[in-house]
Amino acid sequence: MMSAKVMLLGDIGVGKSSLARRFVFNRFDSDYKTTIGVDVLTHDVALGSDAGNATLRFVLWDTDGDFGARIFETVYLAGASAAIVVADATRPATLVKMSGLVAKFEERFPARPVSAIVNKMDLAPDFRLTDEAASQAGVLYASAKTGQGVEEMFLSLGRAIWRRTTNIV
Ligand code: GTP
Ligand code: MG
């Protein structure tokens, strides 16, 4: 089976662990237990006929938001196939950090898939980024609480990883 190391990056408390939990266990927990260092979770997903009916093993590296940009100075990034960079729709400062982390990931790993996700859309349903650069980067909107956008986001990232690995672009 194809497997891919996928980094979950983004500021403290934006919902990285909650998105991983929604994706892997289809659950949501409103208690906040901050990640210490990194948690690794795996989840196998059928990518569908758009991806040759392949199954991809996501190896999710759910990082501690406290690292900030210093995550790029750690060994955690080694061998990453892709990244999901998360922001919180209710906290503008996290959007700025998201853009910075996307840029850093693209610089370190040119051409590897990276998804920018604005989470907690249940708290700010009408929120949309106005920044043109951000919209060009293909920002997605999600809620780990309701599940909105979560499965779709992981599936489309999985298909991008599959296309890149099989050289079908
Ligand atoms: P660190 O590990 O500290 O970097 O945080 P994190 O990014 O992993 O955030 P976490 O998933 O722990 O979520 C932080 C808080 O936000 C928790 O209380 C979650 O229940 C809450 N939360 C996460 N996602 C959502 C969401 O989509 N909607 C709402 N309403 N709350 C959310
Ligand atoms: Mg966490």
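As shown above, the structure is provided for reference.
Quick look at the structure, then. (Residues numbered from 1 in each chain as written. Chains lettered and ligands numbered in written order. Predicted model: local features only at pLDDT ≥ 70, side-chain atom pairs only at ≥ 80, totals over all residues. Heavy atoms only, no water.)

**A look at the overall build of the chain**
Formally: In this description a helix means any DSSP run of H or I spanning at least four residues, a strand means any run of E spanning at least two, and both kinds are numbered starting from the N terminus. To get the radius of gyration, use the C-alpha atoms; to get the globule rule, take the number of residues to the power 0.38 and multiply by 2.2 Å. In what follows, residue pairs with any heavy atoms lying within 4.5 Å of each other are defined as contacts. Shrake-Rupley sampling with a 1.4 Å probe provides the accessible areas, and residues are treated as covered by the protein chains on show and by no other component. When charges are counted, neither His nor the chain ends are considered; positive counts come from Lys and Arg and negative counts from Asp and Glu. Charge coordinates come from a single atom per side chain, which is NZ of Lys, CZ of Arg, CG of Asp or CD of Glu.
What the chain contains, in helices and strands, is four helices and six strands. Its C-alpha radius of gyration of 15 Å places the chain within 12% of the 15 Å reference for a compact globule of 169 residues. Long-range contacts, defined here as pairs at least 24 residues apart, represent 67% of the contacts in the chain between residues at least 6 apart. By element, 51% of the accessible surface of the chain is carried by carbon and sulfur atoms, the whole surface being about 8600 Å². Taken together, the 19 basic and 19 acidic charged side chains of the chain have centroids lying 4 Å from each other.

**Some details on the sheet that holds strand 1 (residues 2–10)**
The strands making up a sheet associate through backbone hydrogen bonding, with each pair oriented either parallel or antiparallel. Worth spelling out the cut-off: The rule for pairing is simple: two strands pair if DSSP sees at least two bridges between them. Note on geometry: axes are C-alpha line fits, over the in-contact stretch for helices, and angles between N-to-C directions span 0 to 180 degrees.
Pairing is mixed across the open sheet formed by six strands, whose spatial order is 2-3-1-4-5-6. At either margin of the open sheet sits one strand with a lone partner, and together these are strand 2 (38–46) and strand 6 (140–141). Taken together, the six bridges between strand 4 (residues 82–88) and strand 5 (residues 114–119) define a ladder with parallel strand orientation. By the bridge assignment, A87 is partnered in strand 5 with V118. Relative to strand 4, helix 4 (residues 150–165) is tilted by about 155°, and along the sheet it contacts strand 1, strand 2, strand 3 (55–63), strand 4, strand 5 and strand 6.

**Here's the deal with the environment of N26**
Applicable threshold: For every residue, the accessible area obtained with a 1.4 Å probe (protein chains only) is divided by the maximum for its type, and the residue is called buried under 20%, exposed over 50%, and partly exposed between those limits.
Tracing the backbone through its elements, the reader meets N26 in the loop between helix 1 (16–25) and strand 2. A relative accessible area of 56% places N26 in the exposed class. As for N26 and A51, which are separated by 25 residues in sequence, their C-alpha atoms are 23 Å apart.

**Observations regarding the coordination of the magnesium ion (ligand 2)**
Selection rule: Here the term donor refers to an N, O or S atom within 2.8 Å of the metal (or 3.2 Å for Na, K and Ca), and because water is left out of the atoms, sites may appear incomplete.
With distances of 2.0 to 2.1 Å, the protein atoms coordinating the magnesium ion (ligand 2) are S17 (OG) and T35 (OG1). Placement of S17 in helix 1 and of T35 in the loop between helix 1 and strand 2 is noted, with a sequence separation of 18 residues between them. Overall, the relative accessible area of 16% leaves S17 in the buried class. Given the relative accessible area of 8%, T35 is considered buried.

**Quick word on the side chain of D11**
Note on placement: D11 falls in the loop between strand 1 and helix 1. Judged by its relative accessible area of 11%, D11 falls in the buried class.

**Notes on unusual backbone geometry**
A positive phi angle is found at N53, which is not glycine, with a value near 55°. Relative to the helices and strands, N53 is located in the loop between strand 2 and strand 3. The phi torsion at K120 lies on the positive side, around 65°, for a residue other than glycine. Mapped onto the elements of the fold, K120 is located in the loop between strand 5 and helix 3 (132–136).

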